[in-house]
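The residues making up each chain are set out below.
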Amino acid sequence: MKATGQEHPEAVLGIAGRFRIGGRAIAAVELRAGHINDSYVVSTEAGSRFLLQRINGYVFPSPARVMANIVRITRHLKRKLGPGSARNRLTLVSAVDGEMWTETAEEKRAADWWRMYELIEDTTTELRASTPEQAFLAAQAFGRFETQLVDLPPPPLYETIPGFHDTLSRFEALDRALASASDSVAGNDRRRQAVAEIRSVAGHRDLAARLGAAAAHDLPRRTVHNDCKISNILFDRTTGEALCVVDLDTTMPGLAAHDFGDMVRSMSHRADEDTRETSRARVDPELFTALAQGYLDGAGFLTATERRSLVDGALVLTLEQAVRFLTDHLDGNVYFRVERPGQNLDRCRVQLALLESLLARDADLRRVVGGATA
């Protein structure tokens, strides 16, 4: 099942006490911004604050691999960025037993895995890019993050979600969800609600193999973030500087086009992710140009072939996310956190509207990426 978001405050404080926080935890405030993990800001008697997270075991069935990756990434960034860089990277807090996580077990249920980070104070997050300047800074930060991981020592990071950006397998999961929906009254209702969206994604299915075919020949595997939303950047509250990339659970081998594509699908328009006004979900040329320029400035390692793949990444990732939201709607909202009925279907509609807008401007977008300054 997905993370509950319903942990009792006293239980959260007890879990926080398992970490080396230099005092007694006295308060825990839940953050509801993310779709996947449960997160709490924990305060201590001494005034220190930390971010405590429960890893969603439904989404990440091997939390040991998630944490092994994050330990390697955070240690590498600490070495690479050096002294005085604490605001530009995540710092794990060790548990009292010396591990970098702790587990809580309940009868007849798999153990929950918890981790803690030092809280980076005086920062803000955004739900969408409000200006081209902000889009540039976010894309530049993701590009720099990838550049910092180019020399991550081997072996490659674990694939915490195998096939995460295998768009063909996402369509196969959708096929299974469609078949399963026929087995229940509720499932059939959800399917009837999504008739237009099912037809729409089917019409674009030929896009699904585009990046996979290119990757088999010319596109190198990189260490990439795989969830490049602006909400995964911490900005300095005073200066607006993009300080730190967060949410490293899906950082693993992949394509640069995956990350750029995720930026475009989440930051190149002015619509909320789950708005019912899908007319707002159209690519904004100024935002797209800012994203291209910022990413190319930050990701200095890109080859010419990778650069040519970036717009394909935007098309494929937008379609893929539409398929994922649609699949979760049909499955009964078991993956993404929802606050109201039909929310995943609304999210799917936003992605499909954006995809149509991207396809309509395909040639223009390719010119922008080709001419943006690296």
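Scroll up to find the structure this text is about.
Parameters at a glance
- Counting restarts for each chain: residues are numbered from 1 in the order of the written sequence.
- For a predicted model such as this one, the threshold for reporting local features is a pLDDT of at least 70, and the threshold for listing and counting side-chain atom pairs is 80 or more; totals across whole chains, interfaces and linings nevertheless cover every residue.
- Calculation of side-chain values draws on the structure's entire complement of heavy atoms; hydrogens and water are dropped beforehand.
- Helix and strand assignments come from DSSP, with helices taken as H or I runs of at least 4 residues and strands as E runs of at least 2, each series counted from the N terminus.
- Within these notes, the globule rule equals 2.2 Å times the number of residues to the 0.38 power, and the radius of gyration is based on C-alpha atoms.
- Here the term buried applies to any residue with accessible area under 20% of the maximum for its type, exposed to any over 50%, and partly exposed to those in between, with areas from a 1.4 Å probe on protein chains only.
- By definition in these notes, contact holds between two residues if any of their heavy atoms fall within 4.5 Å.
- Only buried residues count toward a nonpolar core. Its members are Ala, Val, Leu, Ile, Met, Phe, Trp, Tyr and Cys residues joined through side-chain atoms within 4.5 Å.
- Two strands qualify as a pair provided DSSP detects at least 2 bridges between them.
- In the analysis that follows, any N or O atom pair within 3.5 Å is treated as a polar contact, provided that within protein one partner can donate a hydrogen and the other can accept it, and provided that, for residues neighboring in sequence, both atoms belong to side chains.

Student: Help me understand the overall build of the protein, please; the structure alone is not making it clear to me.
Tutor: Looking only at helices and strands, one finds 13 helices and 10 strands in the protein. Here the protein has a C-alpha radius of gyration of 21 Å; the compact-globule value for 374 residues is 21 Å, and the two agree. In terms of principal-axis extent, the alpha carbons of the protein reach across some 55 × 55 × 40 Å. Residues classed as buried in the protein amount to 52% of the 374 residues present. Excluding contacts between residues fewer than 6 apart, the proportion of contacts in the protein whose partners are at least 24 apart in sequence is 75%.

Student: Help me out: how do you make sense of the environment of Arg191 in this one?
Tutor: Inspection of the secondary structure assignment puts Arg191 in helix H5 (residues 185-193). Along the sequence, Arg191 and Ala181 sit 10 residues apart, while their C-alpha atoms lie 6.6 Å from each other. In contact with Arg191, other than residues within four places in its own chain, are Leu178, Ala179, Ala181, Ser182, Ile198 and Leu330.

Student: Before we go on, may I ask you to explain the nonpolar core in this structure?
Tutor: Across soluble globular proteins, nonpolar side chains have a tendency to be buried as a group. Phe260, Tyr295 and Leu326 are the most contacted members of the largest nonpolar core, which has 88 residues in total. Beyond its immediate stretch of four places on either side in the chain, Phe260 contacts Phe288, Leu291, Ala292, Tyr295, Leu310 and Val369. Grouped together as the second largest cluster of nonpolar side chains are 15 residues, Val12, Phe19, Phe50 and Met116 included.

Student: Honestly, the pairing of strand S8 (residues 233-236) in this entry has me stumped. Any pointers?
Tutor: Successive residues of a regular strand alternate their side chains across the two faces of the sheet. Burial of S8 is two-sided: the residues Ile233 and Phe235 facing one way and the residues Leu234 and Asp236 facing the other way are all buried. The sheet contact formed by strand S6 (residues 123-124) and S8 spans 2 bridges and is antiparallel. Its bridge partner being in S8, Thr123 is matched across the sheet by Asp236. For S8 and strand S9 (residues 242-245), the ladder comprises 3 bridges, and the chain directions are antiparallel. Opposite Leu234, over in S9, you have Cys244 as the bridge partner. Count of turn residues in the S8/S9 antiparallel hairpin: 5 residues, of which Gly240 carries a positive phi of about 80 degrees.

Student: Please clarify how the side chain of Ser266 should be interpreted in this entry.
Tutor: In this fold, Ser266 is placed in helix H8 (residues 256-267). Assessed through its relative accessible area of 14%, Ser266 is described here as buried. A polar contact is formed between the side chain of Ser266 and the backbone oxygen of Asp262, at a distance of 2.8 Å. Residues within four places of Ser266 in sequence aside, it is in contact with Cys228 and Lys229.

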